[in-house]
Amino acid sequence: MALPLFLPCAAGVESLLADEVKRVLPDLPVNAARGGVSLEGGPADVMVLNLECRLPQRVLIEVAEGAYRDENDLYELARSVDWSQWITPQHTLRVDTTAQRCPLKSLNFAALRIKDGVCDTMRDAFGERPSVDVRQPDLPLMLHVGPERASLYIDSSGEPLFKRGWREDKGDAPLKETLAAAMLAAAGWRGTPEAGGALHDPCCGSGTIAIEAAQIACGIAPGLKRRFAFERLLPFANAEMRAQWQRLKSHATSRIHASAVPIVASDVSFRMVDFARRNAQRAGVEAAISFHGGDALERPAPVLPPDLPGTLMMNPPYGERIDVGGKAARPSAEDRETPDDFFPRLAAHWKRAYTQHPAGWTAYVLSPDMKLPGLMRLKESRRVPMWNGPIECRLFRFDLVSGPMR
């Protein structure tokens, strides 16, 4: 059966996600829209998208859509679905809501009416109602209400897809794995000598960028170490679909290989380097990453073969997230703003340490400061809009070359 699918993503990532879905499912038409991509696919495609895609937040299956005026219309929208195709009365459910210019007074009441519609439909069919489980439901539902129309989705992912299944140790402001993957995708970094070359994150924190890069370089599917909500739903629970799911995971496991490029992660905090190393071990990529302590303003560039280019990729501290450590630290622990001289000194260090390599280095910096190139006294060759949660950022590209860097 063909299912309408929607894969939401962070703002600015839509075109990158469309390209990724086309690579994963080349035979299906994909449409980029605001906030994600849409396509039609079968249950097997749902499994592939959850297993293989790095950029979406979830894989949603649209089961109902229509105009509404009040909560009673939402109840009827839920009643229009044959829920017996998806769950039994022994399954549990939860309803989450998102809204855009919604005229309703209470989204909680809207979610309650959706729950009532599902439960009443199941009671009519079986004489029993499913229960609600707000922690780990078998059927996670997502209701989106706009100004006049509403859409009801089954969340086939369950936990959001940035939860890859390996992170236990984290710092004060961990970067989501999906955003790290988006930064790498925007840089065209594919983990090969031809596409990005070596990678160095000099402010690695708990290791998200380096681990995501290493999994890409080693061919490790992002969903290989976790479970998904679809595994408990009826269309995916028969013997044929379970066997296909095992084949998909076995094929993904067979593709794993050693990285063809060096990946280096360093941080001024040895505690964070230890966190990153333990996370990499759980992610299956500890051997692919070289971990070091050291200040980003002083650490020398990794030594590379003359013909191998390098990519610097960093999400440095900024005021909304975390204070800066190392040589750039302010005397007061309460002052969480990035020191004024941090970025000029970083650019000067890059000039000294990274511009002599014959194959060249390219730096990518994620920052909410639209004036960052001026602070660094560098001319960016590209800036890509991205959101780090609620913080609007830009991914700046700087080509590190000898001579005047402007």
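Preceding block: the structure.
Below you will find a few notes about this structure.

Thresholds applied
- Along every chain, residues carry numbers that run from 1 in the direction the sequence is written.
- Where local features are concerned, this predicted model is filtered to residues with pLDDT of at least 70; where side-chain atom pairs are given and counted, the filter is 80 or more; whole-chain, interface and lining totals use all residues.
- Heavy atoms throughout the structure, all of them, feed into the side-chain values; hydrogens and water do not.
- Secondary structure elements are defined from DSSP: runs of H or I of at least 4 residues count as helices, runs of E of at least 2 residues count as strands, and each element is numbered from the N terminus.
- For the radius of gyration, the atoms used are the C-alpha atoms, and the globule rule reads 2.2 Å times the number of residues raised to 0.38.
- Between buried and exposed lies partly exposed: a residue is buried under 20% and exposed over 50% of the maximum accessible area for its type, with that area taken using a 1.4 Å probe on protein chains only.
- Any two residues whose heavy atoms approach within 4.5 Å are treated as being in contact.
- His residues and chain termini do not enter the charge count, which takes Lys and Arg as positive and Asp and Glu as negative.
- Think of each charge as sitting on NZ of Lys, CZ of Arg, CG of Asp or CD of Glu.
- Buried Ala, Val, Leu, Ile, Met, Phe, Trp, Tyr and Cys residues that are joined via side-chain atoms within 4.5 Å together make up what is termed a nonpolar core.
- Put simply, the grid is 1 Å and covers the protein atoms alone, a cavity is a trapped set of points that fit a 1.4 Å probe, a pocket is an open set with protein on both sides within 12 Å along at least five of seven lines, and lining residues have an atom within 4 Å of a point.
- Grid points are joined across faces, edges and corners, and a volume is the space filled by probe spheres set on the points.
- Following DSSP output, two strands are said to pair if at least two bridges run between them.
- Fitted lines through C-alpha atoms serve as axes, helices being fitted only where they are in contact, and the angles separating the N-to-C directions of these axes extend from 0 to 180 degrees.

1. A word on the overall build of the protein
Broken down by element type, the protein carries 11 helices and 15 strands. Taken over C-alpha atoms, the radius of gyration comes to 23 Å for the protein, in line with the 22 Å a tight globule of 406 residues would show. Based on the C-alpha atoms only, the size of the protein along its principal axes is roughly 75 × 45 × 35 Å. Buried residues in the protein amount to 55% of all 406 residues. Considering only residue pairs separated by 6 or more positions, the protein has 78% of its internal contacts joining residues 24 or more positions apart. When the 50 positive and 50 negative side-chain charges of the protein are each reduced to one mean point, those points stand 3 Å apart.

2. As for the nonpolar core
Counting residues in each nonpolar core, the largest one holds 121 residues, and the members touching the most others are Trp 83, Leu 141, Ile 289, Trp 350 and Met 386. Ranked by residues supplied to this core, first place goes to helix 5 (residues 177-186) with 7 residues. The residues contacting Met 386, other than those within four sequence positions of it, are Ala 11, Leu 16, Leu 179, Ala 182, Met 183, Ala 186, Leu 366, Ile 391, Glu 392, Cys 393, Arg 394 and Leu 395.

3. Observations concerning the layout of surface pockets
As a volume, the largest pocket reaches approximately 940 Å³. Taken together, 34 residues form the lining of the largest pocket, with Pro 8, Cys 9, Ala 10, Gly 35 and Gln 57 sitting closest to its centre. Broken down by secondary-structure element, the contributors of at least two residues to the lining of the largest pocket are strand 1 (3-8), strand 5 (92-99), strand 7 (139-145), strand 8 (149-155), helix 5 and strand 14 (382-388). Ranked by the residues each element gives to the lining of the largest pocket, the list is headed by strand 5, at 4 residues.

4. Looking at the sheet that holds strand 6 (residues 131-132)
Here 8 strands make up an open sheet; going across it, the order is 2-3-1-4-8-7-5-6 and the pairing mixed. Looking at strand neighbours, the two that pair on one side only are strand 2 (31-33) and strand 6, the edges of this open sheet. Helix 1 (residues 14-24) contacts strand 1, strand 2 and strand 3 (36-41) of the sheet and is inclined by roughly 25° relative to strand 3.

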